[in-house]
Amino acid sequence: MPKRFRLTRRFPAAMTEDGYRRLKRFAEEAGLDEGEALSFLFENFDSVTDDEALGHRLRLFTAELDERKR
C-alpha cells in the first residue's frame, strides 16, 4: 500500500536565486509543485546524490559562502 502524501511540516527556508530557479525547473519538469519536489529530493537523498561529488560540491559551496552572503 502506498504511503499517503501528507505535508506535516512547514518551515521557512532561505534559498539563493540560482537554487530556487533550479528547484522550480526540476519541479516543473517532474510535474510537481516546489514542496513536493523538495519532499521527493529529501526522501530519496541517498539515491539522487553521488557521495564523492556531494562532498566536493559541499566544500566548494562552504568555501564561498561568506563571500556570497555579502
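The sections below set out a description of the structure shown in this document. Everything numeric here is computed off the predicted structure, so don't read it as measured data. (Residues numbered from 1 in each chain as written. Predicted model: local features only at pLDDT ≥ 70, side-chain atom pairs only at ≥ 80, totals over all residues. Heavy atoms only, no water.)

**Looking at the pattern of salt bridges**
Here comes step 1: One pass over the full model with this rule turns up four salt bridges.
Here comes step 2: In this structure, K24 and E34 form a salt bridge, with 3.4 Å as the shortest nitrogen-oxygen distance. With K24 in helix α1 (residues 17-30) and E34 in helix α2 (residues 34-43), the pair connects residues that are ten residues apart, well separated along the chain.
Here comes step 3: Residue E29 is joined to R25 by a salt bridge in which the shortest nitrogen-to-oxygen separation is 3.9 Å. Linking E29 with R25, this pair stays in helix α1, spanning four residues, or about one helical turn.
Here comes step 4: Members of the salt-bridge network, linked through shared partners, are E17, D18 and R21. (Salt bridge = Lys/Arg side-chain N within 4 Å of Asp/Glu carboxyl O. Helix = DSSP H or I, 4+ residues; strand = E, 2+ residues; numbered from the N terminus.)

**Focus: the packing of α1 against α2**
Here comes step 1: Where α1 contacts α2, the axes come no closer than 9 Å and their chain directions differ by 90°. Classified by the angle between their axes, α1 and α2 sit roughly perpendicular to one another. Residues Y20, L23, K24, F26 and A27 of α1 lie in contact with α2, whose contacting residues are E34, A37, L38, F40 and L41.
Here comes step 2: A per-class count over the contact of α1 with α2 returns eight nonpolar, no polar and two charged. (Axes fitted to C-alpha atoms, helices over the stretch in contact; angles between N-to-C directions. Parallel < 35°, antiparallel > 145°, perpendicular 65-115°, else oblique. Contact = heavy atoms within 4.5 Å. Nonpolar A, V, L, I, M, F, W, Y, C, P; charged D, E, K, R; others polar.)

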